[in-house]
Amino acid sequence: MSGTGGTGERRGHETKTIKGRGSTPGGKISRAKFVRLGAALGLGAAAAPALTACGGGSGEPIVGSGEAIAREDEIAPGSALIFTDAETGEPYVLARTQRGELAAYSAECTHQGCTVSEDLRRGRYLVCPCHNSVFDAASGEAVSGPAREPLPRLPIRIRDGRIFRD
Ligand code: FES
């Protein structure tokens with residue numbers, strides 16, 4: 001037997017293009033759809049890092065409940081990191097203000113659901129690129145723009161130099 005091309009055979013990190021509903025114009029499935037598909041197929045949080053490594057494509061971490069989001073030293077003061085919930089495919093943001101406050105929130109703007117930017121304005125504010133709503137990265141409160149409701153907070157904890165979802 002040659003061992004290549006057999007039905008059901010695993011091929012390491014081969015990336016497949018899936019077309020159909022939820023696909024991007026380039027023919028690849030969206031990241032959120034990809035994560036939801038994995039959840040529907042019964043791939044739990046433990047499988048999510050492998051999904052990322054095998055071609056999530058965006059470079060954003062996919063993080064399940066209780067898993068590490070980042071190392072503490074990866075989030076410098078005045079910066080933020082967008083990551084994806086492994087179960088739902090929804091975006092979240094981990095932010096550290098210039099003053100050092102560290103918090104995580106849903107990254108879906110409470111106005112109409114766009115994903116906030118991970119570029120902190122003036123080292124303190126999360127900004128939605130769609131209609132310019134501004135949120136305080138220390139509290140999640142909406143401070144200007146059409147959004148009125150705060151970004152929902154995601155509990156985190158720090159252990160051994162890493163930041164975990166609670
Ligand atoms: S969707 Fe964010 S400001 Fe409108």
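Residues numbered from 1 in each chain as written. Predicted model: local features only at pLDDT ≥ 70, side-chain atom pairs only at ≥ 80, totals over all residues. Heavy atoms only, no water.

In the annotation of an unreviewed UniProt entry, the chain is listed under the name Cytochrome bc1 complex Rieske iron-sulfur subunit and assigned to Rubrobacter taiwanensis. UniProt, in the comment section headed Cofactor (unreviewed entry), describes the chain in these words: "[2Fe-2S] cluster". (UniProt positions renumbered as here; feature names shortened; annotations may be inferred.)

Draft legend 1. Summary view of the side chain of arginine 165. By secondary structure assignment, the location of arginine 165 is in strand 11 (residues 162-165). You can call arginine 165 buried: its relative accessible area is 7%. Within the local environment of arginine 165, its side chain forms a polar contact with the side chain of aspartate 85, the two groups lying 2.8 Å apart. In contact with arginine 165, other than residues within four places in its own chain, are Val63, Gly64, Ser65, Gly66, Glu67, Ile69, Phe83, Asp85, Glu87, Leu154, Pro155 and Arg157. (Helix = DSSP H or I, 4+ residues; strand = E, 2+ residues; numbered from the N terminus. Buried < 20%, exposed > 50% of the residue type's maximum accessible area, 1.4 Å probe, protein only. Polar contact = N/O pair within 3.5 Å; in protein donor to acceptor, adjacent residues only side chain to side chain. Contact = heavy atoms within 4.5 Å.)

Draft legend 2. Expanded view of the pairing of strand 11. Here strand 2 (residues 68-71) runs beside strand 11; their pairing, made up of three bridges, is antiparallel. Counted as the bridge partner of arginine 71 is arginine 162 from strand 11. Pairing of strand 10 (residues 156-159) with strand 11, which is carried by four bridges, proceeds in the antiparallel orientation. Bridging from a neighbouring strand, arginine 157 pairs with phenylalanine 164 of strand 11. Turn length for the strand 10-strand 11 hairpin, with the two strands adjacent in sequence and antiparallel, is two residues, and the turn residue aspartate 160 shows positive phi of about 50 degrees. (Pairing = 2+ DSSP bridges.)

Draft legend 3. Geometry of the pattern of salt bridges. All chains considered together, the criterion is met by six salt bridges. Across the pair aspartate 166 and arginine 157 runs a salt bridge whose closest N-O atoms are separated by 2.6 Å. Each of the salt bridges in this network shares a partner with another, and the network as a whole consists of Arg71, Asp73 and Glu74. (Salt bridge = Lys/Arg side-chain N within 4 Å of Asp/Glu carboxyl O.)

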